[in-house]
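Descriptive structure summary
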Amino acid sequence: MNRAGLAVAGLSAALLSVAPLFLDAYQVDVLNSIGLYALLALSLNLILGEAGLFNMGHAAFYAMGAYTAAILNTRYQVPILWTLPLSGAVAGVFALLVARPVIHLRGDYLMIVTIGVGEIIRIALINDVFGITGGANGIFGISRPKLFGLTIRQPQEFFYLIWGCVALTIFLFLRLKRSRFGRALNYLREDEVAAEGNGIDTDYYKLAAFGLGAAWAGMVGTLFATKMTIISPESFSFWESVVLFMIVILGGAGNIAGVLLASFLVVGLPELFREFAGARMLVFGLVMMVMMVFRSQGLLPAQGRS
Amino acid sequence: MALLSLQNLTKNFGGLVAVNGVSFAVEAGSVVGLIGPNGAGKTTVFNLITGNYRPDRGEIAFAGTRLNGLRTHRIIMLGIARTFQNIRLFQQLTALENVLAGCHYRMRGGIIAAMLRLPSQQRSEQEAVERAVRELEFVGLGEQSLTVAKNLPYGDQRRLEIARALATQPRLLVLDEPAGGMNEQETEALIGLIMQIRARGITILLIEHDMRLVMRACEQLVVLEYGSKIAEGPPEQVRFDPKVIEAYLGTEDDV
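Not measured: the values here are computed from a predicted model.

**Considerations on the domain arrangement of chain B**
Residue and element names in this part refer to chain B. What the domain assignment reports for chain B is domain 1 (1–79 + 170–255) and domain 2 (89–168). With nine residues of domain 1 in contact, the opposing surface of domain 2 contributes eight residues. Here the side of domain 1 that touches domain 2 is built from residues that sort into seven nonpolar, one polar and one charged.

**Considering the interface of chain B and chain A**
Each partner contributes to the interface: chain B provides 31 residues, whereas chain A provides 27 residues. Listing elements by their share of the side of chain B that touches chain A, those giving two or more residues are α2 (72–78), α3 (95–103) and α4 (111–116) of chain B. For the side of chain B that touches chain A, the residue count by class is 14 nonpolar, twelve polar and five charged.

**Here's the deal with the nonpolar core**
Within the largest apolar cluster, 164 residues are counted, with the highest numbers of intra-cluster contacts made by Leu40(A), Ala41(A), Ala63(A), Ala209(A) and Val220(A). The residues touching Val220(A), leaving out its near neighbours within four places in the chain, are Leu36(A), Leu39(A), Leu40(A), Ser43(A), Tyr62(A) and Gly65(A).

**Quick word on the packing of helix α3 (residues 58–76) of chain A against helix α4 (residues 84–99) of chain A**
Residues and elements named next belong to chain A. It is the contact of α3 with α4, at a shortest axis distance of 8 Å, that shows an interaxial angle of 140 degrees. Judged by the angle between their axes, α3 and α4 are oblique. Two packed elements cross with a definite hand, and for α3 against α4 that hand is right-handed. Facing Phe61, Met64, Gly65, Thr68, Ala69 and Leu72 of α3, the residues of α4 in contact are Leu86, Ser87, Gly88, Val90, Ala91, Phe94 and Ala95.

What counts, and at which threshold
Residues numbered from 1 in each chain as written. Chains lettered and ligands numbered in written order. Predicted model: local features only at pLDDT ≥ 70, side-chain atom pairs only at ≥ 80, totals over all residues. Domains from an automatic or database assignment. Contact = placed C-beta atoms within 7 Å. Nonpolar A, V, L, I, M, F, W, Y, C, P; charged D, E, K, R; others polar. Helix = DSSP H or I, 4+ residues; strand = E, 2+ residues; numbered from the N terminus. Core = buried A, V, L, I, M, F, W, Y, C linked by C-beta atoms within 7 Å. Buried ≥ 20, exposed ≤ 12 C-beta atoms within 10 Å, placed from the backbone. Axes fitted to C-alpha atoms, helices over the stretch in contact; angles between N-to-C directions. Parallel < 35°, antiparallel > 145°, perpendicular 65-115°, else oblique. Left-handed = near helix turned anticlockwise from the far one by under 90°.

See the structure below:
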């Protein structure tokens with residue numbers, strides 16, 4: 001990253017970290033939503049942005065994590081934050097299972113399959129599979145997280161939990177990006193035949209991208225469940241997957257800063273346009289169209305690194 | 001024993017016999033040219049060797065290992081590297097990142113090692129970058145390491161592909177039309193590069209239409225026509241073979 005980039009990143013981080021002191025509860029809650037979407041988009045970015053695998057069913061993995069956390073917490077009284085690793089594992093393993101048979105599919109074909117997976121999960125949740133998902137009503141009474149003896153309740157408190165996770169995710173994913181693993185995903189995106197032809201096990205890395213991206217989304221599911229205390233299938237609709245897909249493409253697939261910026265725009269702008277009431281999605285849609293026409297590579301396109 | 005041997009290799013695409021019972025061997029340390037008119041099946045033979053296609057019949061063996069049915073990355077790991085006829089670089093990535101792809105399978109460290117920046121992972125990265133830089137310098141692209149691949153001139157892109165292949169530390173390098181689209185000076189430089197690669201002890205098998213390159217760089221030629229081998233031998237012998245002249249260099253009659 002160049003100096004200007006570092007300065008912008010540092011300034012944004014500083015601004016964000018004091019934001020709750022100046023904003024009201026509603027505004028902080030919007031920032032929390034943005035944070036959750038940013039986490040999900042960063043996890044999808046591994047699959048879609050870095051590895052170039054068209055996944056439009058990311059909400060399914062998010063749902064798997066959220067429901068795992070909710071079920072463990074409400075039925076077995078497992079402290080909610082303790083469910084994090086298990087939510088991640090369940091979502092990750094599920095992703096590996098569904099991706100294994102279809103991993104050789106390319107582009108749009110893979111996208112259709114992932115849309116199908118997303119819908120199957122959502123409908124299964126509505127139909128109360130195994131009698132543990134609570135059907136269309138979902139699961140309620142999920143407990144608040146406890147951290148060092150402090151129970152997190154207020155939006156301001158959640159703000160630091162969620163954005164702390166965003167910071168940690170950025171830190172880890174930046175390291176991943178600058179490694180053998182991260183590069184292998186980029187080789188896949190650029191030219192699969194050439195990647196395989198240079199000794200890279202393309203099937204393995206495709207699955208690894210899916211598994212890791214899904215596991216991360218699963219852990220975000222835990223955060224979502226404890227923030228809302230109630231979860232239902234409607235939170236994990238196809239629209240969620242589309243929004244996440246849009247954030248990654250809009251931000252510049254493979255660019256972490258771009259994905260963060262796009263999270264603010266895609267989740268934040270509709271809130272700013274609330275006065276327009278019914279017209280706000282129209283405005284939002286127009287912005288998207290103009291954007292894609294004039295800057296189809298994304299706000300901050302991925303670039304070769306030194 | 002030959003480093004690479006093809007026995008009675010056959011590949012059909014639907015009704016078309018692309019490669020028909022081809023057998024030849026590549027001795028360790030040699031430079032062998034695979035030539036023939038367009039559509040003779042040369043690239044198909046390459047794709048069979050590197051596992052991009054599976055042979056319908058026949059055997060491929062490399063240094064005593066049977067390659068039939070192995071996945072491409074496994075074959076690369078055994079010590080065969082290749083370039084592509086229609087340059088397949090990672091266009092959006094830098095020259096260095098492209099060459100690092102070749103280093104990939106000899107490196108250590110997965111997701112966890114990368115996230116924790118383990119010392120072993122850091123060392124592996126360091127070594128890979130050093131190797132990649134050496135290979136870039138070897139092909140004369142030392143100054144271009146941070147240039148994005150798609151911004152390189154055509155001839156440099158061909159050489160970058162060779163550097164990436166060399167980074168896998170192969171015993172056999174398979175080049176598919178390395179001089180394709182190159183001008184005279186670039187081809188001249190390429191012949192020099194091929195000699196230098198051979199001097200490193202790497203065996204070379206290449207497809208080429210540029211006869212000056214083939215005649216000067218290759219010790220042994222295999223000629224294909226309509227998927228079948230029609231001649232084999234040293235260049236000075238093959239060039240006077242009536243069958244080859246008729247099939248491929250037949251322009252002498254046309255004049």
